[in-house]
Amino acid sequence: MSEENILEKEDVGKLLRKFAIPSVVSMLVISLYNIVDQFFIGQKVGSLGNAATNVSFPIMTMCIALMLTFGIGSSAGFNINMGAGNKKLAKKFVGCGFGMLFISGTVIAIITELFLPQLLMFCGSTKSILPFAVEYMRIIAIGFPFVIFANGGAHLVRADGSPVYSMLSNMAGAITNTILDYIFVMKLDMGMTGAAIATVIGQVVSFVIVFYYMLHYKTVQIEFKDLIPKLNIVTKIVSYGMAQGLNQLAMMLVQVVINKSLKHYGGLSVFGPDIPLSCLGVVMKINQLYFSICIGISQGMQPIASFNVGAGKFDRVKKVYKRAFMVNMFISCIAFVVFQIFPREIMEMFSNEKQLGGQIEVYYQFAVLCFRVFLLATFVNGIQPLSSTFCTSVGESTKGTFLSLTRQFLYFMPLIIVLPMVLQSMEKDGIYGILYSAPIADFLAFVTSIIVVKIIFKKFDSQMPINKG
């Protein structure tokens, strides 16, 4: 049975497992790049090293925004046109997607190298953290073209019906990174430099594997001329991938605001500016590990939903969303229980207690607060990225973009700014306002996502035409 017939006729649950499991593994592997660095840096360099990766993370989030915009956008365009029987146009989406991934990675690498200290200070770095962050990011930026091409291209590999290959390309890079991290950081004592070099080498390994697949694409034959961006195709790709890309850009802005707020309100509290930056950075990376599972489920749903909406099989589109919804809720509830019961035990894996010295109890006090308060609404957090991806997958790019902005930009950022100020005016510790902002925003985004998806389902029920632009 051809891949097209499988997407149209095979059991939805079986299809979701086939596409989602490799996608989940791929997303976990991407998250592990940061977690592995965090683990070895925390053990060898200490809390300032962890804080350095935290203030560097907004820059890396920009890379994720690019890989999702061009990776998901081009794969959605490819699947929708394949479902509609337009193979010639589908080919243009694939080639243009690969081309834009590498070009955008090169541009962001050059900008980062030219303005690194200024970018890091903008992202919330303190003077004590800045040397560690510069040492790390000078090397990490070299790998931007490779990581964006590899991880963004993995979506196009998956869209071509090769989810396992996509998974293996990411796994190869992550395994390489982990082994080299241990050698460079723990054995050779290369610190931040060693962690960065290990990461870039792992990214190059994944790049080579995805590049090889691009040369042997199954459903269409990609030629060099296809890699040259064309404005009309780029515009379509951006419209399809904008929801995920804007979500990451919103996350980047929120990370900057959080870092600056932690620096300010932390300095007014018993925790100081460096401990909050270090703790919340680790907590957010760990949360990203769980979140990557939910995003992986969402990405596994994407080709199934896109193809079937192109083929007019609306019942199958609704069914795959509902199945993915249940899986994400189950995963989110498990993560919630773990974060609430074992916060200190998790944090101890990323800490060097000798270097914390007399601050050890204050450090763990704030770390536990981060897990139990900042991640209080984890049990519903998997639905917003699923719903945003769903909207994009069925051609409702405007709704997808709106949902991608709800949690981070419309709810979370205003709360981060307002709640600490309110608490401070009541002569309470403003840093708690930062922590309580997250669960409030999470729940509001969950409710908004349910409302928007119900509106789309009503369109399906009435057999109204779905906007594919």
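Keep in mind the model is a prediction, meaning the values are calculated, not measured. (Residues numbered from 1 in each chain as written. Predicted model: local features only at pLDDT ≥ 70, side-chain atom pairs only at ≥ 80, totals over all residues. Heavy atoms only, no water.)

Our next topic: the packing of aromatic side chains. Counting across every chain of the model gives 30 aromatic pairs. Seen from their ring centres, Phe78 and Tyr217 are 6.0 Å apart, and the 80 degrees between their planes marks the pair as edge-to-face. Of this pair, Phe78 sits in helix 3 (residues 47-83) while Tyr217 sits in the loop between helix 9 (191-215) and helix 10 (224-227), and the two are 139 residues apart along the sequence. A single burial state applies to Phe78 and to Tyr217, both of which are buried. Ring centres of Tyr321 and Phe457 lie 5.7 Å apart, and the angle between their planes is 85 degrees; this geometry places the pair in the edge-to-face category. Linking Tyr321 in helix 13 (residues 314-341) with Phe457 in helix 19 (residues 431-461), this pair joins segments that are 136 residues apart in sequence. Using a relative accessible area of 4% as the deciding quantity, one classes Tyr321 as buried. We classify Phe457 as buried; its relative accessible area is 12%. Taken together, Phe78, Phe98, Phe102, Phe146, Phe149, Tyr165, Phe207, Phe211, Tyr213 and Tyr217 form an aromatic cluster joined through their ring pairs. One residue, Lys318, lies across the ring of Phe457, its end atom 5.4 Å from the ring centre. One Lys or Arg, Arg407, reaches over the ring of Phe412 and ends 4.4 Å from the middle of that ring. (Phe/Tyr/Trp six-rings, centres within 6.5 Å; stacked < 30°, edge-to-face > 60°. Helix = DSSP H or I, 4+ residues; strand = E, 2+ residues; numbered from the N terminus. Buried < 20%, exposed > 50% of the residue type's maximum accessible area, 1.4 Å probe, protein only. Lys NZ or Arg CZ within 6 Å of the ring centre and 35° of its normal.)

Next up on the list: the state of the cysteines. Evaluated as defined, the whole model comprises 0 disulfides. Its sulfur unpaired, Cys96 is 19 Å from the next cysteine sulfur, which belongs to Cys63. Using a relative accessible area of 2% as the deciding quantity, one classes Cys96 as buried. You can see Cys294 has no disulfide; the closest cysteine sulfur is in Cys333, sitting 10 Å from it. The exposure class assigned to Cys294 is buried, which follows from its relative accessible area of 0%. (Disulfide = S-S within 2.5 Å.)

Glancing now at helix 7 (residues 144-159). Relative to the 22 Å expected for 16 residues at 1.5 Å per residue, helix 7 spans 23 Å between its end C-alpha atoms, a close match to the ideal helical length. Summarising burial for helix 7: 15 of the 16 residues are buried, a large majority. Of the residues trailing helix 7, Gly161 is marked for its positive phi of about 90 degrees. (Expected span 1.5 Å × (residues − 1).)

Inspection of every chain in the model, using the stated rule, returns 9 salt bridges. We note a salt bridge from Lys91 to Asp226, for which the minimum N-O separation is 3.5 Å. Of this pair, Lys91 sits in helix 4 (residues 87-114) while Asp226 sits in helix 10; the two residues are 135 residues apart in sequence, bridging distant segments of the chain. Notably, a salt bridge pairs Lys459 with Glu396, separated by 3.0 Å at the nearest N-O pair. Here the residue Lys459 occupies a position in helix 19, and Glu396 occupies one in the loop between helix 17 (383-393) and helix 18 (397-425), the gap between them amounting to 63 residues. As far as burial versus exposure is concerned, Lys459 and Glu396 are alike and both buried. Salt bridges sharing common partners tie together Lys91, Glu223 and Asp226. (Salt bridge = Lys/Arg side-chain N within 4 Å of Asp/Glu carboxyl O.)

Quick look at a nonpolar patch on the surface now. A contiguous nonpolar patch, built from Ile103, Val107, Ile110, Ile111, Leu114 and Phe115 and spanning about 550 Å² of accessible area, is present on the exposed surface. Relative to the helices and strands, Phe115 resides in the loop between helix 4 and helix 5 (116-122). On the basis of relative accessibility, which here comes to 44%, the residue Phe115 falls in the partly exposed class. (Patch = residues over 30% accessible without salt bridge, like charges linked within 9 Å, V, L, I, M, F, W, Y side chains within 5 Å. Areas by Shrake-Rupley, 256 points an atom, 1.4 Å probe, with all protein chains shown as cover.)

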